[in-house]
Amino acid sequence: MAAEELKTGPLEYRTQEGQMSIMGFWIFLGAEVVLFATLFATYAVLFGRTADAPLPSELFEPGIVLIMTFLLLTSSFTCGLAIHEMRRGSVKGLIFWMVITLALGLGFLGFEIYEFVHYAHEGATLQSSAFWSAFFVLAGTHGLHVTLGIGWAILLLIQIKQRGLTNVTSRKFFIISLYWHFLDVIWIFIFTSVYLIGMVI
Amino acid sequence: MAESKKRVPMNHVIGFILSLVMTLVAAWAAIQSDLPVTWVIIGIMILALLQAGVQLFMFMHVTEASSGNGHVPWNMMFHGFALAGILVAGSLFVMSFGHDHGDHGDMGDMEQQEEQHSEDHSGH
């Protein structure tokens, strides 16, 4: 593949730099999977080691967790729509769906903060037991990623307002869409192996 | 642009509906159903993997010829998940030994105690 620009296909893939940046981001995501795998492994090993703190089955509530899951799932869908609009060449559509994605992401964060504060009031904090340390580090790392993603997307929205759709800006939006979908992939596993299994056992 | 002229991307809509259905089925299995715990856990983990697949293939364009990246994205995800499985299963396996002896004395008499224990609860 030469350095010259392709004339067809999605903007983000037209230059070699764009292709390579996206490939690099996939490698980063592979490393992120492993980062979360270590946290999941720690959580799995420390499961049940609640000491004197409340049990997860006493604190986990299906309602709020399902709301959080649906918020993030829908935001992943709207983020996909944003990229679809971008590939149709519509900056307006891209911004519209991206703003909705961010609003849903903020809703998710709000519920997660509420949930953590609620647990802290019930006596489950980072310090209260091995289990709760592992839980807060795992869920908190995911929450931190969501927070970073929101900040990142806001900066990109400012940039696209100024520069419009180019090879570079569309590559950046494509990459953040990968990141955002990836956060939902991680959440699916937190939802399943932390919350659902925590409520079953 | 040759691709994605459609107003509504059907594969995204289908992926979204599939994800919603799988989330609800997993939640129902865990909260409402009377299935045995082992089956619930196996079932919801399979559903989680399927949902991850929906995200990767229907939303993240993990296989897309125009990317020019060949199999790299798919390889990265496959190896990431393989490592995740090894890390979680391996940690659980390694840490499943020696739990019962943790709160006795210092390291010196651990071994003796261990021997006693294994005699005491050999069926354990």
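Rules used in this analysis
Residues numbered from 1 in each chain as written. Chains lettered and ligands numbered in written order. Predicted model: local features only at pLDDT ≥ 70, side-chain atom pairs only at ≥ 80, totals over all residues. Heavy atoms only, no water. UniProt positions renumbered as here; feature names shortened; annotations may be inferred. Helix = DSSP H or I, 4+ residues; strand = E, 2+ residues; numbered from the N terminus. Contact = heavy atoms within 4.5 Å. Phe/Tyr/Trp six-rings, centres within 6.5 Å; stacked < 30°, edge-to-face > 60°. Buried < 20%, exposed > 50% of the residue type's maximum accessible area, 1.4 Å probe, protein only. Buried area = accessible area lost by both parts, 1.4 Å probe. Salt bridge = Lys/Arg side-chain N within 4 Å of Asp/Glu carboxyl O. Polar contact = N/O pair within 3.5 Å; in protein donor to acceptor, adjacent residues only side chain to side chain. Axes fitted to C-alpha atoms, helices over the stretch in contact; angles between N-to-C directions. Parallel < 35°, antiparallel > 145°, perpendicular 65-115°, else oblique. Left-handed = near helix turned anticlockwise from the far one by under 90°. Nonpolar A, V, L, I, M, F, W, Y, C, P; charged D, E, K, R; others polar. Expected span 1.5 Å × (residues − 1). Arc of directions from axis to C-beta.

By the naming in an unreviewed UniProt entry, chain B is Quinol oxidase subunit 4, taken from Pontibacillus salipaludis. You can read under Subcellular location (unreviewed entry) in the UniProt record for chain B the words "Cell membrane". Recorded in UniProt for chain B, the comment headed Function (unreviewed entry) runs: "Catalyzes quinol oxidation with the concomitant reduction of oxygen to water."

Chain A is annotated in an unreviewed UniProt entry as Quinol oxidase subunit 3 of Pontibacillus salipaludis. According to UniProt, the comment filed for chain A under the heading Subcellular location (unreviewed entry) is "Cell membrane". UniProt, in the comment section headed Sequence similarities (unreviewed entry), describes chain A in these words: "Belongs to the cytochrome c oxidase subunit 3 family."

1. Things to note about the UniProt feature "transmembrane region" (unreviewed entry) in chain B
Mapped onto this numbering, the UniProt entry gives "transmembrane region" (unreviewed entry) at residues 12-31, 37-59 and 80-98 of chain B. Helix makes up 79% of residues 80-98 of chain B and strand 0%, whereas the separation of the span's terminal C-alpha atoms amounts to 30 Å.

2. Let's talk about the side chain of Gln55 of chain B
Secondary-structure assignment places Gln55 of chain B in helix α2 (residues 37-59). Setting aside its immediate chain neighbours within four residues, Gln55 of chain B contacts Leu73, Ser76, His181, Asp184, Val185 and Ile188 of chain A together with Ser19 and Met60 of chain B.

3. Regarding the packing of aromatic side chains
All names here are of chain A. According to the stated counting rule, one finds 31 aromatic pairs over all chains in the structure shown. With 6.1 Å between their ring centres and 80° between their planes, Phe60 and Trp132 make a pair best called edge-to-face. One end of the pair, Phe60, is in the loop between α2 (56-59) and α3 (62-87); the other, Trp132, is in helix α5 (residues 130-163), with 72 residues separating them in the sequence. Here Phe131 and Trp132 contribute two aromatic rings whose centre-to-centre distance is 5.0 Å and whose plane-to-plane angle is 85°, an arrangement assigned as edge-to-face. One exposure class covers both Phe131 and Trp132, and it is buried. Aromatic rings pair up to connect Tyr43, Phe47, Phe60, Phe108, Phe116, Tyr119, Phe131, Trp132, Phe135, Phe136, Trp187 and Tyr195 into one cluster.

4. Details of the UniProt feature "transmembrane region" (unreviewed entry) in chain A
UniProt records the feature "transmembrane region" (unreviewed entry) for residues 21-44, 64-83, 95-114, 134-158 and 178-198 of chain A in the present numbering. Overall, residues 95-114 of chain A shows 100% helix and 0% strand. The separation of its end C-alpha atoms is 28 Å.

5. Focus on the interface of chain B and chain A
If you look at the interface, chain B gives 53 residues, while chain A gives 53 residues. A combined buried area of about 4700 Å² lies between chain B and chain A, and 78% of that area is made up of carbon and sulfur atoms. Scanning the region where chain B abuts chain A turns up one salt bridge. In this assembly, chain B and chain A are joined by six residue pairs in polar contact (both at pLDDT 80 or more).

6. Examining the environment of Val99 of chain A
All names here are of chain A. Looking at where Val99 falls in the secondary structure, it is placed in helix α4 (residues 91-121). Owing to a relative accessible area of 44%, Val99 belongs among the partly exposed residues under this scheme. Once the C-alpha coordinates of Val99 and Leu157 are considered, the two residues, 58 residues apart in sequence, prove to be 8.6 Å apart.

7. As for the packing of helix α1 (residues 10-31) of chain B against α2 of chain B
The relative placement of two packed helices is expressed as an angle between their axes plus a distance between the axes. Residue and element names in this part refer to chain B. Direction vectors running N to C along α1 and α2 enclose 165°, while the axes themselves pass 10 Å from each other. Here α1 is positioned roughly antiparallel relative to α2, judged by the angle of their axes. In this structure, α1 crosses over α2, and the sense of that crossing is left-handed. Residue composition of the contact of α1 with α2, grouped by class: 15 nonpolar, seven polar and no charged.

8. Considerations on α1 of chain B
Here α1 of chain B contains 22 residues, and its C-alpha end-to-end distance of 31 Å stays within 8% of the 32 Å for a straight helix at 1.5 Å per residue. Turning to α1 of chain B, its buried residues are His12, Gly15, Phe16, Ser19, Met22, Thr23, Ala26, Ala27, Ala29 and Ala30 of chain B. The arc that holds the buried residues of α1 of chain B, viewed along the axis, is 160°, so those residues lie on one side. Close packing links the buried residues of α1 of chain B with α3 and α6 (167-200) of chain A together with α2 of chain B.

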